[in-house]
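# Structure at a glance
Okay, here's what each chain looks like letter by letter:
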Amino acid sequence: MNGISAEVGGGQELMVRKMDNDVCDTQWEKLGAWFIGPTAENLDEFCDLAIESIRQNVKPQNYFSNDREMITNEVKSSTTYKKEMAKLKLELKGLNVALTESIPYSSVRYQGHMVSETTLPAKLGYLAAWMTNANNAASELGPVTTRLEIEVGKQLCEMIGFESTCHPWGHITNGGSTANLEALWASRNIKFFPLAIQKAIKDERVLASARDLSVYIPRLGRKQKITTTSTWDLLNLDLDDIVELPHNIQRQTGKDAAVLKDVLNKYTLANDGFVQFYLLHGLRTAPIIIASAANHFSWGKAATLVGVGGRNLVCVPFDRNARMDIVALRKLLDEKLAKKVPVIAVICVFGTTEHGAVDPISDVLKLRTEYRNKGLNFYILADGAWGGYFATLIRQSQGDDQPLPPFPISDYIHEQLTKLKYVDTVTIDPHKSGYCPYPAGGLCYRNGHMKSFISFATDMVFMDADTVSNCNGVEASKPGAGPAGVYLTHKVIGLHSSGYGRILGQSMLGAKLFYCAWMTAANSDDNFVCVPLTPIPEDFDYDEESAKTFIRDRILSSSYKDLVTDAEVMRFLSEIGPDVAINAFAVNTKGNTSVNKCNRLNMAVFEKLSQSDPRRKTIRDIPLFLTKSRLAQKECFRILKSFKTRLGVSANSSGVLTFLRNTVTNPWTSADNTIQMLVQQFRKVVIQCIAEIDETENKAGEQTY
């Protein structure tokens, strides 16, 4: 049949174009070549390629093949050798049996955390490099994989949209937590660097020729000498101007870079520590970091590790969509400006790990421009550990113009994706939405010179400025296998709409369909309600009841092809539900107003639909994997009150609310009838949990009586 394609990306008007008969089929065929599959359909193909990679890298063909063999046939025929080999086989068999209880991430039944089956090229690239045991601490330990890591960093920066004029730079870390720490560490050092420069120029004779150095003061809209600039203005310079200061000093003094580095480093906060630095500069007010209330707990760790302190990580409450409330942020900035409190950074979350929300980066960028001109400047750090790869949804392929099924992303998300390139750092995890094996976190700097403010080098290993990467981060030794896996999957699949955008677009479709399923999971005659955390948009064409009717009539019973070729359905799906592929929702017994009882029900459902101890139950006892989280009153009061009201729970209750989450990483989730099957399993569990809770309460009541 000839159909219509609705949306090729959020932020564009829905366009009607001819869709070839095989577009939907081709979608599944491409995906089918990139994964082992939900039921290991590509196992034979993977094993063939894996064995080839192992043979190639266990004994490199280009390395002195005539070297004498050490493990001879005589050794292999010995009793001792056979005994040790038998022990290995026995223990490995036991391990493999134990591992059969591992979580089945490849199955469509796994909808829990941000973990998924990794792609075929990511597995094979990781395996091939893993066989070499390369260490990316330095190029002499991993000459091939270090260069692959540098290439991966360039790929990620290009995917985000960082412009080459600022020499962007990225690298692989062991996870998003380490990347967040590094981003904050660099930001802290840069924030206070102008004060160090001012003192160094005043005190050091070798810098005498730099005393006329001028810096641009955003508050004044002009330059002035750094030696006469106030402390407050020095704490609020533009990042790009700060990182250029060493180069400007070198140009003015003509001194060797190594000499200047030694002189300047003596004055930095990193060298003195906070206490000594504050005493030397007469500072009295501690700096703060501002973050969305949904910030990952690693930011709290980072705040303590860089000496800012957990109490100085200030959280901004949610709005009704679990995003950073921009009105509350403005109020906070006004307060800090009035009191002249330095703000190191505002942390925006691009894809919250608990709610699937994206903070309003575009609005935060506007606020920075406004407050910069008032005298309060800050850096913007985007935590895109989960959501970063969704940038591929709007990045067009260079050459592959094959038609794609439409994917439902909203105008809001499209705007935030286009603004991502203007933030200062982006944390991005290939081992989350990049479908790569652990460990493979990542950090990208818009201005690559930022990395020099946390650089450490050692004479113990050879350092090549063109290849070394790990003198710039938190880690030293780390496996070269991670970057190799990321590199290969990027090359095979591609960081554009026809590649990773195809996978993540499919996951977005699955998440939107799940949102519809959660809205309608409870029938009118059921004794429970099921409510998504994210409400129907305020300015939407549908209210909640008409949306449910539309879902039941046009979505739940439709095939994949019918859905993606229906322009009205795709428009509907684009504007509802989560920002990036995570649904937060909760169930409650009809008529119950108690938060505690509602929490008991959701916890009971979670216990039946999760696995943490194989000794208690097997994975085959779990028909659908979900996870859970909580909403607390302090920062979540606005959305929490609305959520409680829609659940039927007393909105004035002060207790935290437990809710359930499903994360859609499996692109086959949106295949015909998959979600309907999973929701039926969910319904059975909810009904069973309600019956068990009622029975327990009745018994307790009888005993009390």
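That block above? That's the structure.
Quick summary incoming for the structure in this document. (Residues numbered from 1 in each chain as written. Predicted model: local features only at pLDDT ≥ 70, side-chain atom pairs only at ≥ 80, totals over all residues. Heavy atoms only, no water.)

### A few points about a nonpolar patch on the surface
- A surface patch of nonpolar side chains, about 370 Å² in accessible area, is lined by L88, L92, L95 and L99.
- Relative to the assigned elements, L92 resides in helix α4 (residues 79-99). (Patch = residues over 30% accessible without salt bridge, like charges linked within 9 Å, V, L, I, M, F, W, Y side chains within 5 Å. Areas by Shrake-Rupley, 256 points an atom, 1.4 Å probe, with all protein chains shown as cover. Salt bridge = Lys/Arg side-chain N within 4 Å of Asp/Glu carboxyl O. Helix = DSSP H or I, 4+ residues; strand = E, 2+ residues; numbered from the N terminus.)

### Details of the pairing of strand β12 (residues 528-532)
- The buried fraction of β12 is high, at four of five residues.
- Two strands pair when backbone bridges link them, and β12 and strand β13 (residues 582-589) are joined in this way by five bridges, in the antiparallel orientation. Within the sheet, the bridge partner assigned to V531 lies in β13 and is A586. (Buried < 20%, exposed > 50% of the residue type's maximum accessible area, 1.4 Å probe, protein only. Pairing = 2+ DSSP bridges.)

### Brief notes about the packing of aromatic side chains
- Counted according to the given criterion, the structure contains 22 aromatic pairs.
- Consider the rings of F192 and F274, whose centres lie 5.8 Å apart with planes at 90°: the pair is edge-to-face. A residue pair is termed long-range when its members are at least 10 positions apart, and F192 in the loop between α7 (176-191) and α8 (193-203) and F274 in helix α12 (residues 269-281) qualify at 82 residues. Like F192, the residue F274 is buried in the burial classification.
- Between Y542 and F550 the ring centres are 5.2 Å apart and the planes differ by 55°, which places this aromatic pair in the tilted class.
- When its relative accessible area of 18% is taken as the criterion, Y542 is described as buried.
- Residue F550 is classed as buried on the basis of its relative accessible area, which comes to 7%. (Phe/Tyr/Trp six-rings, centres within 6.5 Å; stacked < 30°, edge-to-face > 60°.)

### Description of the packing of α8 against helix α10 (residues 239-253)
- Packing of α8 against α10 brings their axes to within 9 Å, and their N-to-C directions diverge by 25°. The orientation of α8 relative to α10 falls into the category roughly parallel. As for how α8 packs across α10, the hand of that crossing is left-handed. Every residue of α10 that contacts α8 at F193, P194, I197 and I201 is listed here: I242, L245, P246 and I249.
- Classifying every residue of the contact of α8 with α10 by side-chain character gives eight nonpolar, no polar and no charged. (Axes fitted to C-alpha atoms, helices over the stretch in contact; angles between N-to-C directions. Parallel < 35°, antiparallel > 145°, perpendicular 65-115°, else oblique. Left-handed = near helix turned anticlockwise from the far one by under 90°. Contact = heavy atoms within 4.5 Å. Nonpolar A, V, L, I, M, F, W, Y, C, P; charged D, E, K, R; others polar.)

### Focus: the environment of L269
- Topologically, L269 is positioned in helix α12.
- Given the relative accessible area of 4%, L269 is considered buried.
- The spatial distance from the C-alpha of L269 to the C-alpha of F192 is 6.7 Å, given a sequence separation of 77 residues.
- Those residues in contact with L269 that sit more than four places away from it in its chain are R188, N189, F192, F274 and F277.

### Remarks on the nonpolar core
- Of all hydrophobic cores here, the largest spans 114 residues; its most connected members are I555, F572, L573, V605 and F682.
- Considering every element that reaches this core, the biggest residue donor is helix α18 (residues 500-519), with 13 residues.
- When residues no more than four places from it in sequence are discounted, the contact partners of V605 are V587, L660, F682, V685, V686 and C689.
- Judged by nonpolar contacts, the second largest core, of 56 residues, contains L234, Y267, I347 and M450. (Core = buried A, V, L, I, M, F, W, Y, C linked by side-chain atoms within 4.5 Å.)

### Some thoughts on the state of the cysteines
- Counted according to the given criterion, the structure contains zero disulfides.
- Of all cysteine sulfurs in the structure, the one in C315 sits closest to C348, which takes part in no disulfide; the separation is 13 Å.
- Cysteine C598 is unpaired, with the sulfur of C530 as its nearest cysteine sulfur at 11 Å.
- With relative accessibility at 0%, the residue C598 sits in the buried group. (Disulfide = S-S within 2.5 Å.)

### Observations concerning the sheet that holds strand β15 (residues 657-663)
- Here four strands make up an open sheet; going across it, the order is β12-β13-β15-β14 and the pairing antiparallel. The sheet is open, and its two borders are formed by β12 and β14 (627-631), each paired with just one other strand. Between one strand axis and the next, the sheet turns through 35° on average, direction left out of account.
- The sheet contact formed by β14 and β15 spans five bridges and is antiparallel. Bridged to R630 within β15 is T658.
- Sheet strands in contact with helix α22 (residues 595-608) are β13, β14 and β15, and its direction is about 30° off that of β15.

### Brief notes about empty space enclosed by the protein
- Enumeration according to the criterion identifies five cavities of 30 Å³ or more in this entry.
- Put simply, the largest cavity is a space of about 120 Å³.
- Taken together, 14 residues line the largest cavity, and the ones lying closest to its centre are L513, I555, L556, L563 and Q676.
- When residues of the lining of the largest cavity are traced back to their parent elements, those giving at least two are α20 (560-564) and α24 (674-704).
- Here the residues of the lining of the largest cavity are counted per class, giving seven nonpolar, six polar and one charged.
- Here the second largest cavity defines a volume of roughly 60 Å³.
- Grouping the amino acids of the lining of the second largest cavity by side-chain chemistry returns five nonpolar, four polar and one charged. (1 Å grid on protein atoms, 1.4 Å probe; cavity = no way out; pocket = protein on both sides within 12 Å on 5 of 7 lines; lining within 4 Å. Points joined across faces, edges and corners; volume = space filled by probe spheres on them.)

### Quick word on the pattern of salt bridges
- Scanning the entire structure with this criterion turns up 25 salt bridges.
- In this structure, a network of salt bridges that share partners links the residues D240, R368, D424 and R446.

### Topic: the environment of N673
- Counting through the fold element by element, N673 comes out in the loop between β15 and α24.
- With 116 residues separating them in the primary sequence, N673 and S557 have C-alpha atoms 8.1 Å apart.

### What about α22?
- Under the 1.5 Å per step criterion, the end-to-end length of α22 is 20 Å for 14 residues, consistent within 8% with the ideal 20 Å.
- Restricting attention to buried positions, one finds in α22 the residues V595, K597, C598, N599, L601, N602, A604, V605 and F606. (Expected span 1.5 Å × (residues − 1).)

### So, α7
- Over its 16 residues, α7 runs 22 Å from end to end, which matches the ideal 22 Å to within 8%, given 1.5 Å per residue.
- Burial of α7 is extensive: 15 of the 16 residues sit out of reach of the surface.

### Structural notes on unusual backbone geometry
- Following Y438, the chain continues to P439 via a peptide bond in cis, the omega torsion being -5°.
- Turning to its location among the elements, P439 is positioned in the loop between β10 (425-428) and β11 (441-445).
- Notably, A322 is not glycine yet its phi reads approximately 65°, a positive angle.
- Mapped onto the fold, A322 is located in the loop between β7 (313-316) and α14 (326-339).
- The phi dihedral of Y435 is positive, around 60°, even though this residue is not glycine.
- Relative to the helices and strands, Y435 is located in the loop between β10 and β11.

### Description of a negative patch on the surface
- On the surface, a cluster of negative charge is contributed by D411, E415, D539, D541 and E575.
- The residue E575 is located in helix α21 (residues 567-575) in this model.
- Overall, E575 belongs to the partly exposed group, its relative accessible area being 31%. (Lys, Arg positive; Asp, Glu negative; His and termini not counted. Charge placed at Lys NZ, Arg CZ, Asp CG, Glu CD.)

### Notes on the sheet that holds strand β3 (residues 169-173)
- Strand order in the open sheet made by the seven strands is β3-β11-β10-β9-β8-β6-β7, with mixed pairing throughout. The two strands at the open ends of the sheet, each matched to only one other strand, are β3 and β7. Within the sheet, the average angular offset between the axes of one strand and its neighbour, ignoring direction, is 20°.
- As paired elements, strand β6 (residues 288-292) and strand β8 (residues 343-349) share four bridges and run parallel to each other.

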